Amino acid sequence: MNTIIVWLLISVSDASYNKGTLTVVGKFPDENSCKYVEQNLPYSSAIQTKCIQAKIVKEQYEKK
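All of the points below concern the structure found in this document. (Residues numbered from 1 in each chain as written. Predicted model: local features only at pLDDT ≥ 70, side-chain atom pairs only at ≥ 80, totals over all residues. Heavy atoms only, no water.)

This part is about the state of the cysteines. Each disulfide consists of a covalent bond between the sulfur atoms of two cysteine residues. Throughout the structure, instances matching the rule amount to 1 disulfide. Linked covalently through their sulfurs, C34 and C51 form a disulfide whose S-S length is 2.2 Å. Because the sign of the S-S torsion sets the handedness, a value of about -100° for the bond joining C34 and C51 places this disulfide among the left-handed ones. Here C34 is found in helix 1 (residues 31-39), whereas its partner C51 is found in strand 3 (residues 47-58), with 17 residues between them in sequence. The pair C34 / C51 is uniform in exposure class, with both members buried. (Disulfide = S-S within 2.5 Å. Helix = DSSP H or I, 4+ residues; strand = E, 2+ residues; numbered from the N terminus. Buried < 20%, exposed > 50% of the residue type's maximum accessible area, 1.4 Å probe, protein only.)

Following this line, the structure appears as structure tokens:
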């Protein structure tokens, strides 16, 4: 297994029926790509978004 650094665009719901629900919207190779998508999402007062850096595990599969 290897680890890689990615930028995650996350959203957190502020709606009354699902307040606090966290969703990973997408994974991006750099902060600029993540921020671009974040800024071009449709506006919603019920959702807050943020780009965060994360180290994730990438499994390698053996070829047979």
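Let us keep going from here.
Once that is clear, we can look at the environment of I5. With respect to the secondary-structure elements, I5 resides in strand 1 (residues 2-13). Considering only alpha carbons, one finds I5 and A46, 41 residues apart in sequence, at a separation of 29 Å.

Across the sheet, which stays open at both edges, the 3 strands sit in the order 2-1-3 with antiparallel pairing between neighbours. Where the open sheet ends on each side, the last strands, each with one partner, are strand 2 (22-28) and strand 3. Geometrically, the sheet is characterised by an average inter-axis angle of 30° between neighbouring strands, direction not taken into account. As paired strands, strand 1 and strand 3 are joined by 12 bridges and run antiparallel to one another. For N2, the partnering residue across the bridge sits in strand 3 and is K58. Lying on the sheet, helix 1 is in contact with strand 1, strand 2 and strand 3; it crosses strand 1 at an angle near 20°. (Pairing = 2+ DSSP bridges. Axes fitted to C-alpha atoms, helices over the stretch in contact; angles between N-to-C directions. Contact = heavy atoms within 4.5 Å.)

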